[in-house]
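Residue-level listing of the chains:
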Amino acid sequence: MTFFKLALAGAVSLAVLTGAAIAQAKDLLTITLKSGAVVIELLPEIAPKHVARIKELAAEGAYDNVAFHRVIPGFMAQTGDVQYGNLEKNFEAGRAGMGGSSKPDLPAEFSKTPFKRGTVGMARSQSPDSANSQFFIMFDEGSFLNGQYTVVGQVVSGMENVDKIKKGEGDSGSVTNPDRMISVKVGK
C-alpha cells in the first residue's frame, strides 16, 4: 500500500510539473532569425489582449518572413507589419510599417513595466488605442516610452541575435534589404 501511495504521489507531482511547464511554454514566443533564435517571455498578466493577439498571429504563421522595417541603433528593432512587410508575398518597401492585420486595433494596456534592454513593446500610431500587429524589441533602455506604449514581453534568450539585426539609416531607421523573422512560434 505504501508503494501505491508513493507512486500516486509521484504521478500527481509529475502531472503538476508537466502542467506548469506547458503553461509556461504557452507564454513563450520563439522568433527564428538568420543569426539564431530569440525567445521572448510574454506577459499576459499585464497585457492580456496584446499577448493574445501576438499568439494568434504567430499561430496563424502571419509573422513568418516579416521584415524588420525600422531599426534604429541604440534604440529598437521594429517588425510585425503583416500587411505590407512580408518579404515573400506582397512586400511593399515604401508602405512597410504602415499596415497591420485584418483584426481590429487594440485598446492600450499601459503598465508600470519599464522599457529596458530586451523589452518587447507594441508599436502604434499617435492614438494610444491603435496597436494591431507590429511590435519592437529594445536594444537599450527607453524610459521615455514608459507608460506610453504597451509592454508585451521580455527577451529571455537570444538577445545577441537581436543585436545582429541589420540596422536602418537616418532618423527614421528605414532599412534597405531588411532582415526578417524567418519564423515565429508560440512556445520554445
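Scoring rules and cut-offs
- Residues numbered from 1 in each chain as written.
- Predicted model: local features only at pLDDT ≥ 70, side-chain atom pairs only at ≥ 80, totals over all residues.
- Heavy atoms only, no water.
- UniProt positions renumbered as here; feature names shortened; annotations may be inferred.
- Buried < 20%, exposed > 50% of the residue type's maximum accessible area, 1.4 Å probe, protein only.
- Helix = DSSP H or I, 4+ residues; strand = E, 2+ residues; numbered from the N terminus.
- Pairing = 2+ DSSP bridges.
- Phe/Tyr/Trp six-rings, centres within 6.5 Å; stacked < 30°, edge-to-face > 60°.
- Lys NZ or Arg CZ within 6 Å of the ring centre and 35° of its normal.
- Core = buried A, V, L, I, M, F, W, Y, C linked by side-chain atoms within 4.5 Å.
- Contact = heavy atoms within 4.5 Å.

In the nomenclature of an unreviewed UniProt entry, the chain corresponds to Peptidyl-prolyl cis-trans isomerase from the organism Rhizobium quercicola. Within the UniProt record for the chain, the comment given under Function (unreviewed entry) is "PPIases accelerate the folding of proteins. It catalyzes the cis-trans isomerization of proline imidic peptide bonds in oligopeptides." Its UniProt record gives the chain the following Catalytic activity (unreviewed entry) comment, quoted word for word: "[protein]-peptidylproline (omega=180) = [protein]-peptidylproline (omega=0)".

Attention now goes to the pairing of strand E5 (residues 76-79). Alternating residues of E5 divide into Met76 and Gln78 and Ala77 and Thr79, and every residue in both groups is buried. Relative to E5, strand E4 (residues 70-72) runs antiparallel, the two being bridged by 3 bridges. Paired with Val71 across the bridge in E5 is Ala77. Linking E4 to E5, which pair antiparallel, is a turn of 3 residues; within it Gly74 sits at a positive phi near 75°. As defined by bridge partners, E5 adjoins strand E7 (residues 135-138) across 4 bridges and the pair is classed as antiparallel. The partner of Gln78 across the bridge, within E7, is Phe136.

Turning our eyes to something else, we now look at the packing of aromatic side chains. For the structure shown, the criterion picks out 4 aromatic pairs. With centroids separated by 6.0 Å and ring planes inclined at 85°, the aromatic side chains of Phe136 and Tyr149 adopt a geometry described as edge-to-face. A residue pair is termed long-range when its members are at least 10 positions apart, and Phe136 in strand E7 and Tyr149 in the loop between E7 and strand E8 (151-157) qualify at 13 residues. Each member of the aromatic cluster is reached from another via a ring pair, and the members are Phe115, Phe136 and Tyr149. If you follow Arg124 out to its NZ or CZ, it ends over the ring of Tyr149, 4.2 Å from the centre.

What follows covers the nonpolar core. Ranked by size, the top nonpolar core spans 32 residues in total, and within it Ile31, Ile40, Tyr63 and Met181 carry the most contacts. The set of elements that each furnish at least two residues to this core consists of strand E1 (28-33), strand E2 (36-42), helix H2 (48-60), strand E6 (119-122), E7, E8 and helix H3 (159-162). Per-element accounting of this core gives the leading share, 4 residues, to H2. Once residues lying within four places of it in the same chain are set aside, the contact partners of Tyr63 are Ile54, Leu57, Ala58, Gly80, Val82, Ser133, Phe135, Met181 and Val184. Core analysis: the next-biggest nonpolar cluster, separate from the first, contains 10 residues, Met76, Phe115, Phe136 and Met138 among them.

It is worth spelling out unusual backbone geometry at this point. We note that Asn90 has phi near 60°; this positive angle belongs to a residue other than glycine. Here Asn90 lies in the loop between E5 and E6. With a phi angle near 50°, Asn177 is a residue other than glycine that sits in the positive phi range. Here Asn177 shows up in the loop between H3 and strand E9 (180-181).

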